[in-house]
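Observations on the three-dimensional arrangement
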Amino acid sequence: MYVRGTVADEVEVRTVSTSYGESDLAEVPLRMAGDGDNGTASQTVARPRDDTETDLAAGHETTTVTLWNKWAESADYLEPGMEVLVTNAKKEEYQGETQYATTGDSYVVVEPSFLVNVTAIRNWVECPRLYYLNKLSGVPLNYPVVKGTLVHEVFGDLLRGRDLEESIAARVDERGLELGLLGETSEAVAEEVRENATAIEGWLEQGRLTEEDSWRSEQLLISETFGIRGRADAIRRGAPVELKTGKNLKKEPRFKDKVQAACYALLLEEHGGDVDLGTLLYTKNSALDRNEETGDLTPAKEFTMGDGLLKFVVRQRNELAAMEIAGDIPTGYEGSAKCEYCFEQDTCMVVSGRLDQESKAGQIATPLPEEERDYFQRFYRAIEEERREVHREYAKLWEQDAQERADDDRALIDLEFIEKRPLEGGRWELRARRTSSANSKIREGDFVLASDGHPVRGSSELATIERLDDVVVLTADEPVEVTRLDVYPSELTTDRLLVAMHDALLKGDERRKDILFGRATPEFEESGASETHRNRAGETGGVDETFIDNNAAQNEAVTKAVGARDCALIHGPPGTGKTYTIARAIRAMVERGERVLLSAFTNRAVDNALEALLEQLEDGVGSQTQRSGDGEGVSVVRVGSESGIREDMEPYRLERSGDPEDRVAELQNAQVVAATTATCGSRVMKEQAFDVALVDEAAQLTEPGTCAAINLAERFVLVGDHEQLPPVVRAENDLTESLFERLIDCHPEAGVMLDRQYRMNQRIQAFASREFYDGELRPAEPEVAGRTLNDLEGVARDALPPALQDPVTFVDVEGDGGQYTDSEEAARIADLIEQYEAAGLERSEIGVIAPFRAQVSELSRHVPDDVTVDTVDRFQGSSQEVIIISFTATGTLEGPIFEDYRRINVALTRPKRALVLVGDPAALSSDPVYARMLEWART
DNA sequence: ACTCTGCTGAGAGGA
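My aim in this report is to walk through the structure given alongside it, one point at a time. (Residues numbered from 1 in each chain as written. Chains lettered and ligands numbered in written order. Predicted model: local features only at pLDDT ≥ 70, side-chain atom pairs only at ≥ 80, totals over all residues. Heavy atoms only, no water.)

Details of the sheet that holds strand β36 (residues 911–919)
- One open sheet accounts for five strands, arranged β32-β36-β35-β33-β34; its pairing is parallel. Every interior strand has two partners, whereas the edge strands, β32 (808–812) and β34 (868–871), have only one. On average, each strand axis in the sheet is tilted by 20° relative to the strand beside it, whichever way the strands run.
- Pairing geometry for strand β33 (residues 846–850) and β34, over four bridges, is parallel. (Pairing = 2+ DSSP bridges. Helix = DSSP H or I, 4+ residues; strand = E, 2+ residues; numbered from the N terminus. Axes fitted to C-alpha atoms, helices over the stretch in contact; angles between N-to-C directions.)

Written out as C-alpha cells, the structure is:
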C-alpha cells in the first residue's frame, strides 16, 4: 500500500513500550492526496511499477499515518501543509477508523516532489552547513575540480567505446580556456588525465571479459518517489559505479562516496533495478600506492548497500527537503561532522560571523551592518522562492499529463521516432518526425529531456536540439528512441543570483556598498576641473569633452558615465537612443585606456548593444576593431554559448576550446567583453576584472542579477527605463524591483534622462510622454515629430479610409466576450491590415500586439504570416512603422495583465508612424489610465 | 487570473 498526502496538523512524536522494547513513533494527521471522484487522483498517486494496491478510496479524508522508529525522526521536521509519502504502508482499523502505519519495508519521503540533486545530498551528509555554503558561494575555478571533470569525461568516453588518446586530446582541448586561466598547459594536463585513465582502462578490461554487455555510461535518472535526481557515472550489472580522482588508501570507501552511490541505487531501484552492490573507483590508487592493509592493487572498492544505508539516505534527503521548503538556514548542528577536519572551516566561520548566523564552527569577523543583514535575508528568501518555483516545474514532468504539458508549450509530444545513429566519440544522433505543428518554447540549441514517451518513468536522457523543423535532430549520450521532448528546468540562474548577492555583500568593497545602501552619494569627476584622473593610459584631467553635439541629454549621459567615480544611471525612454549612448560612452572609456564589461539580461540586448559599439568603434578616431589579439585596434570579445549569440556576432565569440595560452590571452587582452548577466556569474567570468561595467536594459534585471555584472567592475553604469516592464520573476517578491529603479530613487543626482526620442510621430508619443514621463519626452527633430506614412516609398495616405489617416486611431469593436481571446477583434484587425496593404504598405512594416498569448495565436489565424504578431512583453525593445493593438477585453478590464500600466506604455510606444487601438471602449473606460488613453486616441 | 528570458546538464576535489 502506498500512501500520499498533506500534513493536516501538528505532528506528535512519542515513545511507547512494545513487545520489542522501547519504540519511537510519530502520528501524522494526513489529508490524503487521492480523491475518489476525481480523475486526477490516479495520476497523483499511481506509480510506474508499484505492485501494491493504491488506496484511492480515502478521498480528501483526514487519516492518521504512524511512522515507526527511525522514520519518526523524519516527522520532526514535518509542518502542516507539507507533503508526505509512505511506501509499503499497512492498513489498520483502529476504533472503526482506517489508519496506516510504516512497515519494515517502508520508506517515508518528505516533500517528494522537491527533487534534490545527488550531490546536494552528498554535501548535506558531509555537513548541512557545507551544503549551504556551497550554494551561497559556488565552487570557484580550481585545478583539481577541472581535472576531476576531465577524468570523468574520459571515463564516459571509454565506456562508449572511444579511443583513449583521442578522448584525452579532445576533452583537454575543449577546456582550453579554463586550463589557460589556471595556468596549465595541455601537455601536462593530458599526462595527468592519462595516468588516471590508465587505471580505469585496466580495470575496465577485466570487467569486459566477463560482462561485455552489461555496461552503461552515465544517464540522468529521476525518482518521483524519493524526490532525487542525479547522474551516475556508470552502471554495471544494474549497479552504480562512482569514479573518484582523489586518493583513498583506506580499505573502505569514504562514507560520503557510499552515500552518493546509495542515492544512485535508489534511483535505479525506482527504474526497475534491485541493487545491493556499489562500486567506487579511486583512480589515484595505482600499484605504487598498494594498500598496506589489504595489498589491494585495484582502484575499485566494492561494498554492499544495506537497507539501513538506503533508509539513512532517504532520511537525510527528507531533512534537506524540509529545510529548503521552510526556507531555514542550517547551523551544522544537524550533522555530526567535526569542524576541525573541514576545508571550509574558515569560510564557514566568516560567513557565520558576518551574517551573524548560528554555526557549529563558531563565528569570526564582525557582523555586517544590520541593514545589510536584512537585505541578505530578504533576498535570500526571494531567491529561494524562485528556486522552489523551478522545483515546481520539475514536479510537472511527472504530475502533468503529456497533452497538458504540450498545451503549456513545455513539451513536444507524439513524435515519430525515425532512427539512431552512432556518432564519433560514442555519442548518438537521434531523429524523430513531428506529427503536429504545435509550437513550444523549445528551440534549436536547447537542452531538453528526450524520452520514449514519459520523461521520468520511461527511458530518457538529456539531449541537445541540433535541428528543429518537421524533423527533430538531437544528440545525446544514450540512444533513446525518442517520441517526446520536455523542457528541462534549470536552477542555474537562481544559483547564480544567490552567489552574486553573496559576493556583493561579503566580498564587495565598502564604498560600493555605501552607494548601494544609500549611505554615500555617488561622485563624479568635475568637468574642466584641475583634478587629476588616473587611469591606465596615464592621462589626466576631468571630463570636459563634447561627445555628442546635437543632443544635450545624451551628451550629459556620456559625460556622467565616463566621469562617474561610483556609478551613473541613464534613464532612456522608448526611442531615445540608449544603445547609441552606451556605445559612445564605451568608446570614450576605451580611448581612456579602460577595460569595459558590457552586459544585459538577454542575449538579444547584449548583441544589439555590441552591434552599436562596433559601429561606433569603426567611426572612432584611429580605432580599428579587432575580434581579439593585442594589435593596434580595440579588441572586443563576446562570451556566451553558440546558440545564444546572434550569428553576425559569431566572429567575436570567445572560443572555449583550443590552446590554453591562446584562449586565455584572447579574453585577458580584450578591452571590451560582452556577456549576459547570467554568464557574468560563470566561473570563467568571475576571474575577470574591469574598470567599468555597463548594463543595458537594467530595469529588466533583478538586484542580484545586476550585481552579477557590476561585481566584476570598479564602477558601473546602468541604462534602462523603469517605466517599461520590470524583471521576469516566477514568484511575487523583492526581486520584482530592479536595482536601477531603486538607485534612481535613491541617487537622482547620478541619473540623466534622455528626453529626445527618434521614433514616434508627435501625436503618437504625446500620451506616453504625459502619462509616464511627466511630459518631458519630446521628438528629437521636426522630422520625427512630423513623420507620417506618406514618407514611406509607395505609400499614399490618401488611399486609406479617413479614420486611418490620423497617426492615432481608435477602432471600436464590441468584442466576443472571450476571456483571453477575441475573434471579432482579430477579424477586424485582418481588415485593417488589408486596408494598409491597399494603401501601399508592406506587411513587414506592420506589427500586431496583444496582451495574451491566446489572442496572439487567434490573431495568427486571421492575419497573413509576414505580419509580426506578438505579446506586448515580447515586443519590448523593437518598433514598427504601423502598430495595431488588440486589447482583448470586453465589458471590464479586470485581470493582472491590465493592472501593470507599464505594459501599455510599452505597447503604445512601438510605432513610428501610425498606431491603431482596437478594443471595447466600455471596458477601457472602466480604468482611469485607460480612460485617459481612450480620450487621447479619439481626439 | 497573465506575461516570460537566462543557463548545457550534474558533478567535478581538496586532507
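Remarks on the layout of surface pockets
- Computed from the structure, the second largest pocket encloses a volume of approximately 480 Å³.
- As for the second largest pocket, its lining consists of 24 residues, and the residues nearest its centre are Arg-512, Ile-710, Asn-711, Leu-712 and Ala-713.
- Listed by contribution, the elements that provide at least two residues to the lining of the second largest pocket are α14 (492–507), α15 (510–516), α22 (703–710) and β28 (713–720).
- Of the residues forming the lining of the second largest pocket, the biggest block, five residues, is contributed by α14.
- Among the residues forming the lining of the second largest pocket, the class breakdown is ten nonpolar, four polar and ten charged. (1 Å grid on protein atoms, 1.4 Å probe; cavity = no way out; pocket = protein on both sides within 12 Å on 5 of 7 lines; lining within 4 Å. Points joined across faces, edges and corners; volume = space filled by probe spheres on them. Nonpolar A, V, L, I, M, F, W, Y, C, P; charged D, E, K, R; others polar.)

Remarks on unusual backbone geometry
- Even without being glycine, Arg-237 reaches a positive phi, approximately 45°.
- Examined against the element boundaries, Arg-237 turns out to sit in the loop between β11 (228–236) and β12 (239–244).

Thoughts on the packing of helix α16 (residues 552–563) against helix α17 (residues 578–591)
- Put simply, α16 and α17 touch, their axes get as near as 9 Å, and they point 40° apart. By the angle between their directions, the pair α16 and α17 is classed as oblique. Along this stretch, α16 crosses α17, giving a crossing that reads as right-handed. Residues Gln-554, Ala-557, Val-558, Ala-561 and Val-562 of α16 touch α17, and the partners they reach there are Tyr-580, Thr-581, Arg-584, Ala-585, Ala-588 and Met-589.
- A breakdown of the residues in the contact of α16 with α17 according to their chemical character gives eight nonpolar, two polar and one charged. (Parallel < 35°, antiparallel > 145°, perpendicular 65-115°, else oblique. Left-handed = near helix turned anticlockwise from the far one by under 90°. Contact = heavy atoms within 4.5 Å.)

Quick look at the protein's contact with DNA strand B
- DNA strand B sits among 56 residues. The nearest are Thr-245, Phe-447, Thr-493, Thr-676 and Val-728.
- Each atom of DNA strand B within 4 Å of the protein was assigned to sugar, phosphate or base; sugar and phosphate come to 57%.
- Between a phosphate oxygen of DNA strand B and a side-chain N or O atom of Arg-874, the distance comes to 3.2 Å.
- In this structure, Arg-903 approaches DNA strand B through a side-chain N or O atom, which is 2.8 Å from a base oxygen.
- Ranked by residue count, the leading element in the surface near DNA strand B is helix α5 (residues 143–159), at five residues.
- Each residue belonging to the surface near DNA strand B can be placed in one class, and the counts come to 20 nonpolar, 19 polar and 17 charged. (Near = heavy atom within 4 Å. Polar contact = N/O pair within 3.5 Å; in protein donor to acceptor, adjacent residues only side chain to side chain.)

Notes on a negative patch on the surface
- Taken together, Asp-173, Glu-187, Asp-659, Glu-661 and Asp-662 make up a surface patch of like negative charges.
- Topologically, Glu-187 is positioned in helix α8 (residues 186–210).
- With a relative accessible area of 61%, Glu-187 lands in the exposed category. (Patch = residues over 30% accessible without salt bridge, like charges linked within 9 Å, V, L, I, M, F, W, Y side chains within 5 Å. Areas by Shrake-Rupley, 256 points an atom, 1.4 Å probe, with all protein chains shown as cover. Salt bridge = Lys/Arg side-chain N within 4 Å of Asp/Glu carboxyl O. Lys, Arg positive; Asp, Glu negative; His and termini not counted. Charge placed at Lys NZ, Arg CZ, Asp CG, Glu CD. Buried < 20%, exposed > 50% of the residue type's maximum accessible area, 1.4 Å probe, protein only.)

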